[in-house]
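# Analysis of the macromolecular model
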Amino acid sequence: MTTSTLTHSTPAGVRRPSGTGMSPLGERYRAQSARRERRHDWLTLAGWSLVATSVALFLADGGITRFATVGGAVTAIGIITGLVATALMCLMLVLTARVPVIDRTLGQDRATTLHAQLGRGMVFGMLAHGAFLMAGYALEGRITPVATFVDLWQSSTDFIWACLALLMFAVVGISSMVAVRRRYPYEVWFAIHLTTYAAIVASLPHQFSMSGLFAEGTLARGFWIAMFLATAGVMLAYRVIAPIIATATHRLTVSRVTPVGRDAVSIELTGRHLDALGARGGHWLQWRFLTPALALQPHPFSLSADPTETTLRITVRNLGAGSGRLATLRPGTRVAVEGPYGMFTDASRTRERVVLVGAGIGIAPVRALLESTGFAPGDAAVILRASTPDELYLLDEVRTLCAAKGATLHVLVGPRAGDTWVPRSYAGAHLTDLVPWVADADLYVCGPEVWMDAVLRNAEECGIPAVQIHDERFAW
Amino acid sequence: MTDPATTTPTPLIPKGTTMTTRRNSAALLASAGILATGWGIGTAHGKTLTTTVPAAATSSGTTAGTTGTTGTTGTTGTTGTTGTTGSGTTSGTASGATAGATTYTGTRQSDRWGSLQVTITVASGKITNVTYTTTAGDGKSLSIEARAIPTLKSEVLAAQSAQVSSVSGATYTSTKYLTSLQSAIDQMA
């Protein structure tokens with residue numbers, strides 16, 4: 001069997017006359033989507049406002065008068081780039097702090113993408129800050145930039161710390177731009193981020209001692225301190241305290257490890273009060289299996305079934321060195337968790353109809369979402385994709401769920417046709433050929449990165465509005 | 001659906017870009033508002049900060065008047081208060097006790113934090129008072145000056161020369177102050 005299409009219910013698309021009265025489910029999802037858009041508006045506004053405020057502080061301090069001379073103007077640009085870069089830095093930290101409202105609005109993967117984009121701006125901003133200030137001070141003092149540098153180096157320890165911070169930011173920024181982050185072993189990635197924290201701390205003293213803007217007794221100083229404290233507080237709350245509380249409350253332990261297909265395992269866990277965890281099908285969590293070999297590495301894995309009050313399940317393919325060892329987990333192993341995270345859930349639905357597309361181990365979250373998300377019979381389609389039949393993880397479970405809930409199932413197996421997402425036997429086929437009403441549905445896509453990009457390109461060609469497309473990057 | 005269709009799908013609905021554009025323009029507009037507010041505050045403040053300073057040496061008789069300038073220059077925040085208090089007491093003494101005193105204004109000394117100019121009052125060949133004007137616009141410089149200059153002043157009055165040690169943590173201020181002071185002293189001869 002290289003290709004097959006299994007249809008369990010009447011083909012949808014012929015049933016619902018579109019444009020007529022909306023079902024309660026459709027209304028609920030539209031309202032949910034509108035709320036999410038509004039949250040997105042506010043978050044965007046807050047982010048821009050923070051950056052604008054940082055510059056406004058400079059203007060309010062009479063900064064504009066510096067533009068009267070060339071040297072003053074260069075200095076002013078140096079100050080502004082420093083302010084903007086620092087505001088961006090705080091935004092970056094908040095974006096990766098796993099703040100629930102950000103996760104429920106942007107989704108953690110988009111937040112992380114934005115984090116990386118801002119990171120580029122921040123590093124260039126910091127470098128410009130240093131360069132412009134040296135040039136500006138030199139012009140104003142009628143000495144060479146080198147002399148300015150030496151002068152400052154000798155007069156202030158805070159300046160030396162600032163230089164170290166800049167050096168660290170440059171190293172971190174350039175190394176994360178040049179090499180793709182996921183290629184690093186986790187430990188290298190971790191070291192890089194530890195360096196970033198060191199750089200932030202080293203950059204703090206000069207901001208308050210050398211810049212007149214944040215001198216003692218100024219309102220600007222209060223604002224700047226509040227910005228740093230809020231950032232640190234949010235990180236501490238959601239990245240340290242919340243996971244500790246969740247781990248202590250739910251007391252998760254491994255209860256069963258079952259092989260799935262050729263190279264994957266399903267890990268079942270039991271715990272207490274799991275309804276309070278708030279996890280739903282499609283969510284992912286950071287898992288830390290507390291064995292000597294695995295405790296130091298947190299693994300992000302999606303749930304592969306809708307949680308119950310006492311059980312969770314994940315399905316994991318043996319990819320990295322760490323996840324390979326997971327097959328040897330013993331029942332009874334304690335597990336620490338962070339999460340749940342992600343928007344690959346019912347919470348991002350915008351329409352009453354839904355199409356779920358999963359490839360390889362990406363089928364696991366698709367299966368969990370299929371179980372948890374709501375739709376009327378005939379209003380859902382599931383497309384599973386794999387190169388070989390034994391990579392169709394959890395196929396039987398998906399088939400059963402499709403039959404029970406009334407979803408159409410398409411199974412596409414075989415090597416990819418060119419750079420499309422379909423197998424060769426389907427060459428030239430589009431999403432609309434498989435699901436005619438796809439443009440009026442929510443589309444969920446999860447699978448290998450390159451394949452997913454191909455699906456998303458096709459989704460755009462098929463005219464699916466961006467708000468209806470939900471993808472989870474599964475590059476770990 | 002075993003047989004793959006090859007029709008090109010027609011784009012039906014525009015992408016969600018209009019929403020994104022609207023969101024970003026709203027945010028940009030808000031940012032512009034914030035910047036304009038900052039600018040407005042800055043300009044309002046700027047008027048009090050850019051006080052022009054009297055030039056070269058003035059003839060005898062002008063004591064309290066000139067000294068008063070110091071207070072005006074430093075009108076912002078805490079420093080302003082210090083300045084006003086300082087000039088208030090000293091000018092009182094100068095005008096009362098020393099009739100026929102002469103003031104000499106030193107050269108203006110600048111660095112990246114602003115410029116500083118010192119005026120000395122001389123009666124019977126003795127420096128009886130030292131005042132200064134500053135163009136430093138930022139709070140930090142003003143607070144450094146407010147801290148260091150009273151110390152420098154009392155040392156100068158005691159030593160009757162510019163040969164005093166600079167105040168630690170205020171090297172730039174000390175240098176400007178003492179250099180300007182020296183040029184004022186040079187005019188006495």
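Computed from a prediction, not measured in an experiment: that's the story for all the values here.

## A look at the pattern of salt bridges
Going through the model one piece at a time under the given rule, you end up with 16 salt bridges over all chains. Measuring nitrogen to oxygen at the nearest pair gives 2.9 Å for the salt bridge that ties Arg23(B) to Asp41(A). Of this pair, Arg23(B) sits in helix 1 (residues 17-49) while Asp41(A) sits in helix 1 (residues 24-60), on two different chains. A salt bridge links Arg367(A) to Glu371(A), with the nearest nitrogen and oxygen atoms 2.7 Å apart. One end of the pair, Arg367(A), and the other, Glu371(A), are both in helix 11 (residues 363-372), four residues apart, so they sit about a helical turn from each other. Residue classification places Arg367(A) among the buried residues on the basis of a relative accessible area of 9%. Taking the relative accessible area as the measure of exposure, Glu371(A) reaches 30% and is therefore partly exposed.

## Regarding the sheet that holds strand 2 (residues 264-270) of chain A
Residue and element names in this part refer to chain A. If you walk across this open sheet you meet the six strands as 4-3-6-1-2-5, and the pairing is antiparallel. The outermost strands of the open sheet, each flanked by one partner alone, are strand 4 (299-302) and strand 5 (311-317). Each strand of the sheet is rotated relative to its neighbour by a mean of 40°, with strand direction disregarded. One ladder, built from two bridges, connects strand 1 (residues 252-260) with strand 6 (residues 334-341); its direction is antiparallel. Looking across to strand 6, one finds that Leu252 is bridged to Val335. Set on the sheet, helix 8 (residues 219-250) makes contact with strand 1 and strand 6; between it and strand 6 the angle comes to about 125°.

## Details of helix 1 of chain A
Working note: α-helix, 3.6 residues per turn, so residues spaced by three or four point in the same direction. Here helix 1 of chain A is 37 residues long and its end C-alpha atoms lie 52 Å apart, about the 54 Å a rise of 1.5 Å per residue gives. Where helix 1 of chain A ends, the next residue or the one after it, Gly62(A), has phi of about 80°, a positive value.

## Observations regarding the environment of Ile469(A)
All names here are of chain A. On the secondary structure map, Ile469 appears in strand 11 (residues 469-473). For Ile469, a relative accessible area of 15% translates into the label buried. Placed 90 residues apart in sequence, Ile469 and Asp379 show a C-alpha to C-alpha distance of 16 Å.

Thresholds, definitions, all that
Residues numbered from 1 in each chain as written. Chains lettered and ligands numbered in written order. Predicted model: local features only at pLDDT ≥ 70, side-chain atom pairs only at ≥ 80, totals over all residues. Heavy atoms only, no water. Salt bridge = Lys/Arg side-chain N within 4 Å of Asp/Glu carboxyl O. Helix = DSSP H or I, 4+ residues; strand = E, 2+ residues; numbered from the N terminus. Buried < 20%, exposed > 50% of the residue type's maximum accessible area, 1.4 Å probe, protein only. Pairing = 2+ DSSP bridges. Axes fitted to C-alpha atoms, helices over the stretch in contact; angles between N-to-C directions. Contact = heavy atoms within 4.5 Å. Expected span 1.5 Å × (residues − 1).

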